[in-house]
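A closer look at the structure
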Amino acid sequence: MHAVQMKGIVKRFADLVASDHVDLELEKGEIHALLGENGAGKTTLMRILYGLYSADEGQVFVNEEPVVIRSPKDAIQNGIGMVTQHFTLVPTLTVAENIVLGESGSITLNLREVEKKVAEASERFGIPVNPQSLVKHLSVGERQRVEILKALYHDAKVLILDEPTAVLVPQEVEVLFEALVRLQKEGLSVIFISHHLNEVMQICNRVTVLRDGKLAGTVKVADTNLKELANMMVGRENFGVTRQGVRERGKLELRIESINAVDKKGLPALRDVSLEVHQGEILGLAGVSGNGQAELSAVLCGTQKITSGKIFAGDVDLSHADTNDVCDACVGRIPEDRHANMVGELSVAENLILDQMNKFVKNGIMDKERIQKNAVELIKQFNIKANPNDRVRTLSGGNMQKVMLARTLSQNPRIVIASQPTRGLDVGATDYVRTTLLEQRDRGAAVLLLSEDLEEIMALSDRIAVIYSGRIMGILSAQEATAEKLGLMMAGSPA
Amino acid sequence: MKKFRIERAPAPGWMRTLIPIIAIPVTFIITSIVIMLDGANPFTAYYHFLIAPLATKSSAIEVLVKSTPLLLTGAAVAFAFKGGYWNIGAEGQLYAGAIAATFVGTTLVNVPPILGIPAMIIGGFAGGLLWALPSALLKVKLGVDEVVTTLLMNSIVLNVTSYLLNGPWRNPVSMWPQSPEIDPGTVFPQLLPRTRLHFGIIVALAVILISWFVINRTSFGLKMRAIGLSKEGARFAGIKVDKTMLTVALVSGGIAGLAGAGEVAGIHFHLIDAISDGLGYSGIIIATLGGLHPFGVSLAALFIGLIDTGAQTVSRAMGLPIYLGDVVQSTLLLVTLGLFVLQNFRFRRVE
């Protein structure tokens, strides 16, 4: 018996075929992984199933019956629930209120009754939540549990989880997996979107692999292995890029002395953070998303002010620097949000000179020829697939990131601040970015790498610091760091 | 069964250029309903609106006269919008420029035009700039929304004008609420004899050329374009967003002020309450229609100038209210903005 079948699903976005005749079959009571690189079409396919997109071609069956799903409401009626990476909870409401939000049964709301029903459901599904807690007081893991409970409360028989582990620390992942296995035994079918092979091997029964919007195959986990899955995912063996050997580190270049900063809501985001990065080393900063990395990156890039502390780049005091001071101090920045930190509607050539305009200007008038020449050279050097006059907005994520790298690194910065530099990139582009960062380190730059991808941190860093709740939990050398040690520190226990 | 579905698809680049051209016939179809409700024939009305003003040399020149301040307010608004500053206050800045120019023109006595005309231009620019200053400072220093403050500044200047004309500047001879005449040495020369076409249109065309050059060829232009497209991206690249935006806001106000100076020095030769009848607001329509491009703005200003002239012709010839011109202008703006949104949607046939 199939809980869900999707047959020949096609979805086009203008010229891009995001889903190209994809088939997916979900058995009742199985945990089925949907595996693929970023941009392989996993989320698109699931958005179609949940009614957020409509397919251009293809047919969906639920319980072997053909169905038409036009909206999430239709999906919920067909017993399909989805938990996305971005939670859809209202922070200022309680758990119980969030769970019944959108129900249109009657005008009045008996909150007591609802709380009781939610508590019962929590008991029944074995997902512990307190119905009266305000969502804003919950941790990310707890919020995810609320999302799952919300789906189950609305009688979901099929649960779609879109990269549920991306936001969790290793210990929370264990809790999630236990709950999923228990629910599976009670007959729930789960579609588990991921690009982490280990997790897939750990809890899934079968795997459907997508590559470039096409079906690469469906296999039983028992009949396969990591290497085969990796091959199916990327279509080639992925050896990855890793740091080679131990280097003698040079003199101190970036000095951060017990800085404090607040987040957008005015709450403390960085507490007495001190870090030192030397020439010719990569200092990795590991941590679960939202523990102060974004603020640290913003502070070092000059887009946010610190409330106390000192920052030095060599002898230059950058404690109260604005972005232009940071540029002048020869600090190269690769921000986490490349869309927001470039000007998408300007051309590649214009973006490439935006932070070093003075070199291309004579008496205030731009030297078009040199700007064009600069663009042609960097496009070649950094292997960017674009023309100088293309608007940056039209580039793929990987090429956009290469434009950012080209702009930053062509100025031979003495310090490089790289924040989530490979997020959202495919394997090829990721390898390229990582290689480039290692080149910078070998050239003698002091590199601070902020990343939520532990594998990336461990592959590239000479030393690894861990940030939790705005504090540095400790710094380990690459030799002594293990995933377990780092995982514990990321969850808040000091080294 | 064949069905149609609406879906989002980004429009190709050439669509942007086409939109104002499509908007015009659509606007005329919509406004002909209003004309028919008034019991008139829309075709005759549009003949008087669009063709009649161009049929004779004198009325064609009058279109240029009407377009002169519109070129400047359009350029002012487009310059600000391009730099991400939503200046809705061109109307008020025009008045401030007119007041400043009147002050210059009535203070100077027996000046040679070689000094008087530049003094009027500088005066008008400075007046508009000063009137734009409070909103710009509030925006840059405190983050106060400039849409609100520039709009409110428009009402304030109307009262200032009224005070001046009924108080210290009241014409001592006629006792009308209008200022004394400006010195002949500060009057903008006529370009063609026995017409009202004056030196202001040359100022306007020069401003348009200069603003094109600044926007597209200078590093300041690249900075302001970057800010206009993405403040965050511009700031990240080390551009001083506040300083650049302040300059953009003040220059925009100055350009609008030139329009006021032109009306005083080229048309009225004194200050009156009704020196502008929404010329600044038309500037917003013109900037939008012209796609914020200086050359597009020129065409749009000429077109709106034609509609303004045409509205008078229609009203004279057919007895329709002169406000029809405003209706056409407003409809045109709404249709244009609507098309800018709608261009991103497609009909697709589904089987």
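Residues numbered from 1 in each chain as written. Chains lettered and ligands numbered in written order. Predicted model: local features only at pLDDT ≥ 70, side-chain atom pairs only at ≥ 80, totals over all residues.

1. Quick look at the overall build of chain A
Applicable threshold: Helical segments are the DSSP runs of H or I of at least four residues, strand segments are the runs of E of at least two, and each set is numbered from the N terminus. The globule rule used here is 2.2 Å times the number of residues to the 0.38 power, and the radius of gyration it is set against is calculated over C-alpha atoms. C-beta atoms are first placed from the backbone for all residues, and any pair lying within 7 Å is then listed as a contact.
From N to C terminus, chain A includes 16 helices and 22 strands. The globule rule puts the C-alpha radius of gyration for 495 residues at 23 Å, and the 24 Å found for chain A is close to it. The dimensions of chain A, computed from C-alpha atoms along their principal axes, are 70 × 50 × 45 Å. If you take every contact in chain A between residues at least 6 apart in sequence, the share linking residues at least 24 apart comes to 67%.

2. Observations regarding the sheet that holds strand β10 (residues 214–220) of chain A
Residues and elements named next belong to chain A. Selection rule: DSSP-based pairing: two strands are paired if at least 2 bridges between them are found. Convention adopted: a line fitted to C-alpha atoms gives each axis, helices being fitted over their contacting stretch, and angles between N-to-C directions are expressed from 0 to 180 degrees.
Strand order in the open sheet made by the six strands is β6-β7-β8-β3-β9-β10, with mixed pairing throughout. With partners counted over all chains shown, the strands left at the sheet margins are β6 (80–83) and β10, one partner each. Across the sheet, the mean angle from the axis of one strand to that of its neighbour is 20°, orientation sign disregarded. In the sheet, strand β3 (residues 31–35) pairs with strand β8 (residues 189–194) via five bridges, with the strands oriented parallel. Looking at β8, one finds that L34 is bridged to I193. Of the strands in this sheet, β6 and β7 (158–162) touch helix α5 (residues 140–153), which is tilted by about 170° from β6.

3. Considering the packing of helix α12 (residues 294–318) of chain B against helix α13 (residues 324–342) of chain B
All names here are of chain B. The line we're drawing: Angles below 35 degrees are treated as roughly parallel, those above 145 as roughly antiparallel, those between 65 and 115 as roughly perpendicular, and all remaining angles as oblique. Here a crossing is taken to be left-handed if its near helix is turned anticlockwise relative to the far helix by less than a right angle, and right-handed if that turn runs clockwise. Here the term charged refers only to Asp, Glu, Lys and Arg, the term nonpolar to Ala, Val, Leu, Ile, Met, Phe, Trp, Tyr, Cys and Pro, and the term polar to all other amino acids, Gly among them.
One way to put it is that α12 packs onto α13 with a least axis distance of 8 Å and a crossing angle of 150°. When the axes of α12 and α13 are compared, the pair comes out roughly antiparallel. Between α12 and α13 lies a crossing of right-handed hand. The segment α12 lies against α13, with I304, I307, D308, G310, A311 and V314 engaging L324, G325, V328 and Q329. Considered class by class, the residues forming the contact of α12 with α13 number six nonpolar, three polar and one charged.

4. A closer look at the nonpolar core
Applicable threshold: The term nonpolar core means buried Ala, Val, Leu, Ile, Met, Phe, Trp, Tyr and Cys residues held together as one set by C-beta atoms within 7 Å. With C-beta atoms placed from the backbone, the exposure class of a residue follows from how many other C-beta atoms lie within 10 Å of its own: 20 or more, buried; 12 or fewer, exposed; in between, partly exposed.
Membership of the largest hydrophobic core comes to 182 residues, with the highest contact counts inside it found for A:V403, A:L449, A:V466, B:L72 and B:A75. Sequence-distant contacts of B:L72, defined by excluding residues within four places in its chain, comprise B:A204, B:V207, B:I255, B:A256, B:L258, B:A259 and B:G262. With 60 residues, the next largest nonpolar core counts A:M46, A:Y50, A:V146 and A:V209 among its residues.

5. Description of the interface of chain B and chain A
Taken residue by residue, the interface counts 19 residues in chain B and 22 residues in chain A. Elements supplying a minimum of two residues to the side of chain B that touches chain A: α8 (219–229) and α9 (231–236) of chain B. In terms of residues, the side of chain B that touches chain A owes the most to one element, α8(B), which gives six residues. When grouped by side-chain class, the residues that make up the side of chain B that touches chain A number nine nonpolar, five polar and five charged.

6. Details of unusual backbone geometry
Its identity as a non-glycine residue notwithstanding, A:E163 has a phi of 45°, on the positive side. Relative to the helices and strands, A:E163 resides in the loop between β7 and α6 (170–185). For B:N110, which is not a glycine, the phi torsion comes out positive at approximately 50°. Relative to the helices and strands, B:N110 is located in the loop between α4 (90–107) and α5 (113–142).

7. As for the environment of B:A55
Relative to the assigned elements, B:A55 resides in helix α2 (residues 42–55). Here the alpha-carbon distance between B:A55 and B:N154, two residues 99 residues apart in the chain, equals 36 Å.

8. Here we look at helix α12 (residues 368–381) of chain A
Residues and elements named next belong to chain A. Let me state the cut-off plainly: Given the number of residues in a helix, its expected span is that number minus one, multiplied by 1.5 Å. Starting at the helix axis, one direction is taken to each C-beta atom, and the arc is that of these directions.
Its 14 residues give α12 an end-to-end C-alpha distance of 20 Å, which sits within 8% of 20 Å, the value for a rise of 1.5 Å per residue. Taken as a whole, α12 has its buried residues at I371, N374, A375, L378 and I379. For α12, the angular spread of the buried residues around the axis is 130°, confining them to a single face. Exposed side chains of α12 directed beyond 90 degrees from the buried face belong to E369, K380 and Q381. Contacts from the buried residues of α12 go to α11 (348–353), β18 (365–366) and α13 (397–409). Positive phi shows up at N383, right after α12, with a value of about 60°.

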